[in-house]
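# Descriptive analysis of the structure
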Amino acid sequence: MYHKTVSELSKALANKAISSVELTKLYLERIKQYNPLLNAYITLTEELALAQAKQADQARAQGQATLLTGVPIAHKDIFCTEGIKTSCASKMLDNFIAPYESTLTAKIKQAGMVLLGKTNMDEFAMGSSNENSYYGACKNPWDIERVPGGSSGGSAVAVAARLAPAATGTDTGGSLRQPGALTGTTGLKPTYGRISRYGMIAFASSLDQGGILTYTAEDAALLLETIAGFDPKDSTSAVEPVPSYSKNLNDSLKGVRIGLPKEYFTSQLDTTIGTTIHTAAKELEKLGANLHEISLPNMGLSVPAYYVIALAECSSNLARYDGVRYGYRCQDPKDLLDLYMRSRGEGLGAEVKRRIMIGTYTLSAGYYDAYYLKAQQIRRLIQEDFIKAFKEVDIILGPTSPTTAFKINEKVDDPVAMYLADIYTVAINLAGLPGISIPAGFSNGLPIGMQLIGNYFAEAKLLNVSHQYQQQTDWHRQMPSQFN
Amino acid sequence: MLIQGKMIALIYCKVFFIMKVDEIKKIAFLARLDVNDRELLSLTNDVNNILNFINKMNEVDTHGIAPLAHPLEINQRLRNDEVTETNQRELFLKNAPAQEAGLFLVPKVIEEV
């Protein structure tokens, strides 16, 4: 049963092949069996899950079920869940019980889904390996000596090892797509503003966007329909109607124009990954798509510009953790300044502190123009590259990550090397575009992800192309044998 | 520690120092981050590494290009001036590290004269 996708589980529940309580118990058992090894979950919400499952079964018996009623899910521990510990994987919020519910999780609750628990991540979503967690690194189920990517590492591992049929996540510079690629799962980051950010703990507000990790694009479509939409509680939420993403999944790819940016296929890319991505593009060509070489000339500047903007916004957002109203407070502060300094110094991890430092520096008097303003100008150039490209093509295709999953501890001493893990993903956050990573092959037993990028609010097209690819391939159906 | 010390020294040679230790201390103070001496060394090294990397931005001339602050360039939406939130003082105080009589407690900030 744990091999089934959300769509298949929905059918199994509808035709009474299994009850939600049985299904929930099955996943809870698997979590108890494998989580000590993988560290995918920070908090398990067993009692709540069983109560919600019971409720779901009753709702179904009364004919009040949605397609998702009774299907289990896990939430990244960045989403506020009322009455449940919401830590953002930080010592700072280790004792924080969210007093309210995020819009994304509220919509999932409303649909009748069952919450299994909260997943591991890089502290405050800052990282590309899930090693920056106060609760310890999360392991890649394809090779437990390797990272699952980050920051939504726990969600990706939960889905990859079938400890949840789907999980939520967030993506500021690749945090859904890169872990999706490294764990062989499907990671969807919608257009900026497509999903409400209300109750999603902020890292970099002009880049953050919620999304999902699933086995298939079909499941991503089903879940996106549920969680997308305008929210008056998020002032940057998009006032755009939510289409039925599932409806267009089977559209023909005949005539769909797919662009391969020449800047993506350079010596920085692992050769096996390059070959795999080209093979995947050929597969789409066989389905009727037309392939074009395109150029995104400013792509090389996206990582430096991204880190300036993201870190500036992070230094501002994280000023709220002051040890006064909630979160960690140091022992015996001698005065208010000491309280601020030590609460933050002791409560925040090394990478978070590095980022706050850089952000504080680039925003400080005298340096603003050289860093922040410059980065925003480059952001404009990058967006213009994409706007131009989307006049010629419907979808942009490339790798998600320059390498497959790397070893735990391999990059921890070199922050810049870690930042370069994001070279294919950050540009679309700067531009605010939607992107998806789907499994496209393996290299030495490790999954390879293909990234598809769409125009603004073109999630339906992205999911359509991904679904058609997944009808022809079974990479997304593979699972790590150790957990089978 | 010795091994770590050696590694730091090795990396030091490659880095062009944009921020000296004193400046790191100043920024840490502005950011209200207590940084101990052990952290200070690695932080100085890492921050300079990152700033050197970020300076790649200078390879492109951006003169006259309008900065982009927000991907969708939407106008800030206004809402009606209505009270929509209720007072939830008790609920919010539950997460406070120290509280009394419905107030957050902090060390004394006003000195007696």
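Below is a summary of the structure that appears in this document. As the structure is a prediction and not an experimental result, all values here were calculated from the model.

We now examine the overall build of chain A. When helices and strands are tallied, chain A shows 15 helices and eleven strands. Rg of the C-alpha trace for chain A: 21 Å, near the compact-globule value of 23 Å for 484 residues, within the 12% margin. For chain A, the C-alpha atoms occupy an extent of roughly 65 × 55 × 45 Å along the three principal directions. Within chain A, the proportion of its 484 residues that are buried is 62%. Sequence-distant contacts in chain A: of pairs separated by 6 or more residues, those separated by 24 or more amount to 76%.

Here we come to the pairing of strand β2 (residues 72–76) of chain A. The element β2(A) is largely enclosed, with a buried count of five among its five residues. Note on the crossover from β2(A) through helix α4 (residues 103–110) of chain A to strand β3 (residues 114–119) of chain A: the handedness is right-handed.

Listed per partner, the contact involves 53 residues of chain A and 43 residues of chain B. Of all the secondary structure elements, the ones that give two or more residues to the side of chain A that touches chain B are α9 (302–317), α10 (336–347), α11 (350–363), α12 (368–392) and α13 (415–419) of chain A. A per-element tally of the side of chain A that touches chain B places α12(A) first, with eleven residues. Across the side of chain A that touches chain B, the residue classes break down as 29 nonpolar, 13 polar and eleven charged.

Turning next to the packing of α11(A) against helix α2 (residues 21–30) of chain B. Axis separation between α11(A) and α2(B) bottoms out at 9 Å; the angle between their running directions is 95°. In terms of their interaxial angle, α11(A) and α2(B) are classed as roughly perpendicular. The residues of α2(B) that touch α11(A), namely those facing A:M357, A:T360 and A:Y361, are B:I27, B:A28 and B:L30. Here the contact of α11(A) with α2(B) is composed, by residue class, of five nonpolar, one polar and no charged.

Moving on, we come to the environment of A:C138. All names here are of chain A. Within the fold, C138 resides in the loop between β3 and α5 (153–160). Among the residues examined, C138 registers 36 C-beta atoms within 10 Å and is labelled buried. For the pair C138 and I408, spaced 270 residues apart in sequence, the C-alpha to C-alpha distance is 9.3 Å. What C138 contacts, discounting residues up to four positions off in sequence, is L38, N39, A40, N120, N130, S133, P148, G153, G154 and V157.

As a further point, take the nonpolar core. All names here are of chain A. Membership of the largest hydrophobic core comes to 163 residues, with the highest contact counts inside it found for I73, L116, A158, A164, V308 and I395. Top element by residues in this core is α9. It accounts for ten residues. For I395, the contacting residues outside a window of four places in its chain are V256, I258, L452, I453, G454, K461, L462 and V465.

All names here are of chain A. All of the buried residues in helix α1 (residues 6–14) are V6, S7, L9, S10 and L13. Down the axis of α1, the smallest arc covering the buried residues is 160°, so these residues share one side. The inward-facing, buried residues of α1 contact α2 (20–38), α3 (46–61), β4 (166–171), β6 (209–214) and α7 (217–227). Remark: K16 follows α1 within two positions and exhibits a positive phi of approximately 60°.

All names here are of chain A. Note that the residue after G150, namely S151, is joined by a cis bond; omega there is 10°. Turning to its location among the elements, S151 is positioned in the loop between β3 and α5. Its identity is not glycine, yet C88 carries a phi of approximately 55°, on the positive side. In the Ramachandran plot, N409 falls in the positive-phi region, its phi being about 80° despite a non-glycine side chain. Along the chain, the position of N409 falls in the loop between β9 (395–399) and α13.

Rules behind the numbers
Residues numbered from 1 in each chain as written. Chains lettered and ligands numbered in written order. Predicted model: local features only at pLDDT ≥ 70, side-chain atom pairs only at ≥ 80, totals over all residues. Helix = DSSP H or I, 4+ residues; strand = E, 2+ residues; numbered from the N terminus. Rg over C-alpha atoms; globule rule 2.2 N^0.38 Å. Buried ≥ 20, exposed ≤ 12 C-beta atoms within 10 Å, placed from the backbone. Contact = placed C-beta atoms within 7 Å. Right-handed = clockwise from strand over helix to strand, strands pointing away. Nonpolar A, V, L, I, M, F, W, Y, C, P; charged D, E, K, R; others polar. Axes fitted to C-alpha atoms, helices over the stretch in contact; angles between N-to-C directions. Parallel < 35°, antiparallel > 145°, perpendicular 65-115°, else oblique. Core = buried A, V, L, I, M, F, W, Y, C linked by C-beta atoms within 7 Å. Arc of directions from axis to C-beta.

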